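Spelled out from the first residue to the last, the chains are:
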Amino acid sequence: MTAMSLTGMSRPFTVDDLETMPDDGRRYELIDGELLVSPAPGWPHGEVSLAIAVLLRGAGPREFRTLHAPFGVRPDRANEVQPDVLVARYADLTEKFLPAAPVLTVEVISPTSRLHDANLKKAFYERLGVPRYWLVDPDRDEPALTVFALSADGVYERVAHVVGDQPYDADEPFAVRVVPSDLVAGLRP
């Protein structure tokens, strides 16, 4: 993942600039007017993000929708991110993007996204007020799920870290059991 700025330009990137980006398989996101460009994810990333999306969609009540990237969270003109998976209130969604904070965002770590997912995007979701943030490491030998919850003072606290066959029983935004080894099952013969 790389970050780009408008060197020599008098303005930061906006969501209008995202509309002009090529449809080349890369993910183009904005945080505070800074353009983040990620390469197309590989098979492990796609396998795990789809598995978690299917799991969440099956567990979620009708007032929530689970969406898989690419679908933008666009709170303003200088910010648009595309979580690997998000859960939003149905009432908050528009046809093209989510203008409000999701109730849950999930990022699946890949070699090129590890630092951005664990730091930059986590800080953005925290600032946006996303109540729950899940970080999934799809390592085939030791898959892991780290869960962050927004505290009363608006700061993420790590509330769970499970590895391999250890289950995580979520109660927010709805009840669902997540087992990291189940998420990577499709990566094995």
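Conventions used here
- Residues numbered from 1 in each chain as written.
- Predicted model: local features only at pLDDT ≥ 70, side-chain atom pairs only at ≥ 80, totals over all residues.
- Heavy atoms only, no water.
- Pairing = 2+ DSSP bridges.
- Helix = DSSP H or I, 4+ residues; strand = E, 2+ residues; numbered from the N terminus.
- Axes fitted to C-alpha atoms, helices over the stretch in contact; angles between N-to-C directions.
- Contact = heavy atoms within 4.5 Å.

A. Structural view of the sheet that holds strand β9 (residues 104-108). Reading across the sheet, the six strands line up as β4-β7-β9-β10-β11-β12 and stay open at both edges, with mixed pairing between neighbours. Every other strand in the sheet has two partners, leaving β4 (64-68) and β12 (156-163) as the edge strands with one partner each. Neighbour-to-neighbour, the strand axes of this sheet turn through a mean angle of 15 degrees, independent of strand direction. Relative to β9, strand β7 (residues 85-89) runs antiparallel, the two sharing three bridges. Paired with V87 across the strands is L104, a residue of β9. Across the sheet, helix α2 (residues 43-59) touches β4, β7, β9 and β10 (132-137), and the angle it forms with β4 is around 170 degrees. Relative to the sheet, helix α3 (residues 114-128) contacts β9, β10, β11 (144-150) and β12, its axis offset from that of β10 by approximately 175 degrees.

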